[in-house]
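Spelled out from the first residue to the last, the chains are:
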Amino acid sequence: MKIFVYHTPELVPAEGNPDCAIAVDILRATTTIATALAAGAEGVQVFSDLDELMRVSEAHPPELRIRVGERGGRTVEGCDLGNSPFDFTPDVVKGKRIFMSTTNGTRSLQKVQNAKSVLACAMINLGSVLKYLRETKPETVWIVGSGWEGSYSLEDTTCAGAIAANLEDEADFGNDEAVAAATLYKAWKDEVEELFYQASHGKRLLKLDCAEDIAYCAKLDVVDVLPKQSSAGLL
Ligand code: 3SL
């Protein structure tokens, strides 16, 4: 297994396709996706474009769909929910299809759609992703951080590093970013929540009164789900 880390979707190589691509958007899209599936959502379809989300979801029965839209941390007008994982409770999402567009996370998922397998990873489902990688042993793995509008993000690199650091005895690191991410995670693994408060998006969410979201997003292995792309979305 050879692990490559890319800090943003923009840094993903234009050529080549990995055996497995893992999108990471700790604050908060991939955390919310894992939470929604653990709460019984039927599946999650991601869109970088809001108009496309509205158009595609129109064909789905209204009582069986949830439109999720976030821009700049806030809920998009006309959507049912924003991106706080706390809103995705079983009574709200069970049996429903989620149509989701967020500022950065859904873009990174779309960017790697052609990989042989595509996963969404957060700290809260890290163990499920590690288990999948150990069982399937993909030859090449790309871990793609979502960043913020094209820039590096500390929290996504921390999670990418958590994957890489946990596999360092079983895998090779394919680029310096993988080494750096693993080093970052090992230095902060006992204070991940603290680190997230220092991240620029952590500070943005604090201004929006989302401290509890950050604390939840920093938790390790609270759900046992593996969001994996299929023709029907992430299941
Ligand atoms: O950028 C994203 O995709 C979002 O996760 C941002 S937020 O945490 O919902 O503000």
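A brief structural summary.

Calculation criteria
Per chain, residues are indexed from 1 in the order of the written sequence. Per-residue local features of the predicted model are confined to residues with pLDDT of at least 70, and side-chain atom pairs are confined, for both listing and counting, to 80 or more; whole-chain, interface and lining totals are unaffected and use all residues. As a convention, hydrogens and water are excluded, and side-chain values are obtained from all of the structure's heavy atoms. Working definition of a nonpolar core: buried Ala, Val, Leu, Ile, Met, Phe, Trp, Tyr and Cys residues. They are joined through side-chain atoms within 4.5 Å. Exposure is judged per residue with a 1.4 Å probe applied to protein chains only, and the accessible area is read against the type maximum: over 50% gives exposed, under 20% gives buried, and values in between give partly exposed. Each helix corresponds to a stretch of at least 4 residues labelled H or I by DSSP, and each strand to a stretch of at least 2 residues labelled E; elements are numbered beginning at the N terminus. Only heavy atoms enter the contact rule, under which two residues are in contact if any of them lie within 4.5 Å. Planes of paired rings set the category: under 30 degrees apart is stacked, over 60 is edge-to-face and the rest tilted, where pairs are Phe, Tyr or Trp rings (Trp by its six-membered ring) whose centres lie within 6.5 Å. The rule is short: NZ of Lys or CZ of Arg within 6 Å of the ring centre and within 35 degrees of the ring normal puts a charge over the ring.

**As for the nonpolar core**
Within the largest apolar cluster, 42 residues are counted, with the highest numbers of intra-cluster contacts made by Ile-22, Ile-26, Cys-121, Leu-133, Ile-143 and Ile-163. With six residues, the top contributor of residues to this core is helix α6 (residues 154-166). Not counting residues within four places of it along the chain, the set of residues in contact with Ile-143 comprises Ile-3, Phe-4, Val-5, Tyr-6, Ile-22, Val-24, Ala-160 and Ile-163. Counting residues in each nonpolar core, the second largest holds 28 residues, with Phe-4, Val-44, Ala-115 and Val-118 among its members.

**Side note on the packing of aromatic side chains**
Pairs of aromatic rings are described using the distance from one ring centre to the other and the angle between the two planes. For the structure on display, the rule yields four aromatic pairs. For the pair Phe-4 and Tyr-6, a centre-to-centre distance of 6.5 Å together with 5° between the ring planes defines the contact as stacked. Members of the aromatic cluster, connected to one another through ring pairs, are Phe-4, Tyr-6 and Trp-142. The ring of Trp-148 has Arg-204 sitting right over it, with the charged end atom 3.9 Å from the ring centre.

**Some thoughts on unusual backbone geometry**
For the peptide bond that leads from Leu-27 to Arg-28, omega is 0°, which places it in the cis range. Tracing the sequence through the fold places Arg-28 in the loop between β2 (20-24) and α1 (29-38). With a phi close to 45°, Glu-149 is a non-glycine residue in the positive phi region. On the secondary structure map, Glu-149 appears in the loop between β8 (140-145) and α6. The exposed category is assigned to Glu-149, whose relative accessible area is 56%. Of note in the backbone geometry, Asp-221 takes a positive phi value of approximately 55° without being a glycine. When you line up the elements, Asp-221 lands in the loop between α10 (211-217) and β10 (229-230).

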